[in-house]
Amino acid sequence: MIRRLFVLAAGVASLSLSFGAAAQNAATSTEVGGVKFENTVQLGNARLQLNGAGVRYKAIFKVYAAGLYLTAKATTPEAVLTAPGPRHMKIVMLREIDANELGKLFTKGMEENAPREEFSKSIVGIMQMSDIFSSRKSLKAGDWFAVEWIPGTGTVIVVNGVATGNPIKEPEFYSALMKIWLGKSPADSSLKEALLGKNAAPSGNARGYN
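Quick caveat: nothing in here was measured; it's all calculated off a predicted structure.

**Quick look at the sheet that holds strand 5 (residues 61-70)**
Item 1. If you walk across this open sheet you meet the seven strands as 3-4-5-6-9-10-11, and the pairing is antiparallel. Looking along the sheet, the strands with just one partner apiece sit at the ends: strand 3 (40-43) and strand 11 (162-168). Along the sheet, successive strands turn relative to each other by an average axial angle of 25°, direction set aside.
Item 2. Pairing geometry for strand 4 (residues 46-58) and strand 5, over nine bridges, is antiparallel. Its bridge partner being in strand 5, G52 is matched across the sheet by L68.

Written out as structure tokens, the structure is:
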């Protein structure tokens, strides 16, 4: 009897530890589309918080999950684009996509959402971004890339943890790029709401694969 009570107590203790670990994990990350985004990340000397995260849909298919990190909460595109300090946008692929085609769709999305003057000042950066994506055959499920804005440096594009090319210094490029997701004609209106920290169910209002 004593042995059975000991085994039962050990089982309860193990279960409590499991629940405790799960609760702790839930408190430090947010899961969307099967992808866990840490609630805070370190970028340089700044600690950024997850502003919002969501899934990019194409019809009923999940294309990628995205999380936006800022120094302080922002609920409008204007607030995101004028937020002080560094910013970090992480995108994790949920299905394989032709990387070169994705780069072209990003360019199209920028052109559709950015004012003409802003887009014109982004051309050099767009060419550099296109080279980054065209150098890869594809982005597979689980691959990820990030768009980072670092004051005094510019936009840095990171692919699977590795910074690619030189920073793109023009602030217009960063603004035009982020408008793919936060502009008036976003890639996915539900994802836009999610990145702004608003709960939004998939609406099916999605454009291309960008």
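**Here we look at the packing of helix 3 (residues 99-113) against helix 6 (residues 171-182)**
Item 1. Relative orientation of the contacting elements helix 3 and helix 6 amounts to 100°, with a least axis distance of 8 Å. As summarised for this structure, helix 3 and helix 6 are arranged roughly perpendicular, according to the angle between their axes. Listed contacts from helix 6 to F106, G109, M110 and N113 of helix 3 are F173, A176, L177, K179, I180 and W181.
Item 2. Within the contact of helix 3 with helix 6, the residues separate by chemical class into seven nonpolar, two polar and one charged.

**Quick notes on helix 6**
Item 1. Between its terminal C-alpha atoms helix 6 stretches 16 Å, which fits the 16 Å expected from 12 residues at 1.5 Å a residue.
Item 2. Taken across its 12 residues, helix 6 has 10 buried, putting it largely inside the fold.
Item 3. Inspection of helix 6 places F173, Y174, S175, A176, L177, M178, K179, I180, W181 and L182 among the buried residues, and these make up the whole buried set.

What counts, and where the lines are drawn
- Residues numbered from 1 in each chain as written.
- Predicted model: local features only at pLDDT ≥ 70, side-chain atom pairs only at ≥ 80, totals over all residues.
- Heavy atoms only, no water.
- Pairing = 2+ DSSP bridges.
- Helix = DSSP H or I, 4+ residues; strand = E, 2+ residues; numbered from the N terminus.
- Axes fitted to C-alpha atoms, helices over the stretch in contact; angles between N-to-C directions.
- Parallel < 35°, antiparallel > 145°, perpendicular 65-115°, else oblique.
- Contact = heavy atoms within 4.5 Å.
- Nonpolar A, V, L, I, M, F, W, Y, C, P; charged D, E, K, R; others polar.
- Expected span 1.5 Å × (residues − 1).
- Buried < 20%, exposed > 50% of the residue type's maximum accessible area, 1.4 Å probe, protein only.

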